[in-house]
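What follows is each chain in one-letter form.
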Amino acid sequence: MTSAAPSLSSPVGVIAGGGAMPFAVADSLVARGITPVLFALRGACDPARAQRFRHRWISVGQLGRATRLFRDEGCRDLIFIGTLVRPALSEIRLDWGTLRLLGHVVRAFRGGDDHLLSSVGRILEQQGFRMVGIKDVAPDLLMPEGAVTRAAPDSTALADIARGRGVLDALGPFDIGQAAVVIDGHVVAVEDIEGTDGLLARVARLRAEGRIRRTKAGRGVLVKAPKSRQDLRFDLPTIGPRTVEGAAAAGIAGIAVIAGNTLAAEPQALVEAADAKGLFVIGLAG
């Protein structure tokens, strides 16, 4: 599994995007006796769920306001978590604090999502904050090694997993995506800007259109892995019950991810959903 997390200062600032993960992280911190403060990103974070925690609202591009709020709340340690649609630089309303760092911000937007996140993280570290990762903050949310479901991959699925890992290793330097679907040795789809949900929906559509003809439902694997040279504090691959539903709709046999480097959102619900659908979910040794 994971090693013990380093000492964290309390409170911890959770820069919260969309989805369930920011709240799972906040709950994990509370369970460990650490106070979370959510810095909820407007347009991404769920307002109703944010009400459960101490929270402040921030907007993308307001680095000056954000750093003031981090300091006001006494948060030295910060974590990025949750989904966020990458905005165009021209769409961001910059505050004075951001304008003073405009050169750094422009350079951050030159490249893929991992480059953007790691660059913004470095900017915040230059302002005196410490960026921490999910392994530090909520190691209990990381996928363990081995199958967590009743079903397990057979020899055909294991071969598909190996092919998928090879594809993701090759694509990693290009910062394209973190997932691929392989069916009977054929790479039928790779994750793009639509994310994993869009990838699985595309496979389901290809099946419905008869474009995947040589393979029957119940074969094939979704493989997810971090990109090579990725800063593992940011944007780890994530799976949850919704991933299982998408995999079932796509007609594949299961999901394989890297143990210790993949987030499991709502793990109990994930396992229950997979068992109900007869799918396997497995954590692979790194």
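First, a word on scope: everything that follows refers to the structure included in this document. (Residues numbered from 1 in each chain as written. Predicted model: local features only at pLDDT ≥ 70, side-chain atom pairs only at ≥ 80, totals over all residues. Heavy atoms only, no water.)

**Comments concerning unusual backbone geometry**
That bond from Ser 10 to Pro 11 is cis: its omega, 10°, falls within 30 degrees of zero. Tracing the chain through its elements places Pro 11 in the segment before β1 (12–16). For Asp 184, which is not a glycine, the phi torsion comes out positive at approximately 50°. Along the chain, Asp 184 turns up in the loop between β7 (179–183) and β8 (186–190). The phi torsion at Glu 266 lies on the positive side, around 50°, for a residue other than glycine. Structurally, the position occupied by Glu 266 is in the loop between β12 (263–264) and α11 (267–277). (Helix = DSSP H or I, 4+ residues; strand = E, 2+ residues; numbered from the N terminus.)

**Quick notes on the packing of helix α9 (residues 195–208) against helix α10 (residues 241–249)**
Closest axis-to-axis distance for the α9/α10 pair is 8 Å, and the angle between their directions is 15°. Classed by the angle they form, the pair α9 and α10 counts as roughly parallel. Here α9 and α10 pass one another in a crossing that is left-handed. When α9 is examined against α10, the residues Thr 196, Asp 197, Leu 200 and Ala 204 are found in contact with a partner set consisting of Arg 242, Thr 243, Gly 246, Ala 247 and Ala 249. Looking at the contact of α9 with α10, its residues break down into four nonpolar, three polar and two charged. (Axes fitted to C-alpha atoms, helices over the stretch in contact; angles between N-to-C directions. Parallel < 35°, antiparallel > 145°, perpendicular 65-115°, else oblique. Left-handed = near helix turned anticlockwise from the far one by under 90°. Contact = heavy atoms within 4.5 Å. Nonpolar A, V, L, I, M, F, W, Y, C, P; charged D, E, K, R; others polar.)

**Here's the deal with the pairing of β1**
Consecutive side chains along a regular strand alternate between the two faces of the sheet. With respect to burial, β1 is a largely interior element, five of its five residues being buried. Burial along β1 is two-sided: Val 12, Val 14 and Ala 16 facing one way and Gly 13 and Ile 15 facing the other are all buried. As judged from the five bridges shared by β1 and strand β2 (residues 36–41), these two strands associate in the parallel manner. In the strand pairing of β2, Ala 16 is matched with Ala 40. Both β1 and strand β4 (residues 77–81) contribute to a ladder of five bridges, which runs parallel. Pairing of Ala 16 across the sheet is with Ile 81, part of β4. (Buried < 20%, exposed > 50% of the residue type's maximum accessible area, 1.4 Å probe, protein only. Pairing = 2+ DSSP bridges.)

It is worth stressing that arrangement in space is one thing and function is another; only the former is reported here.
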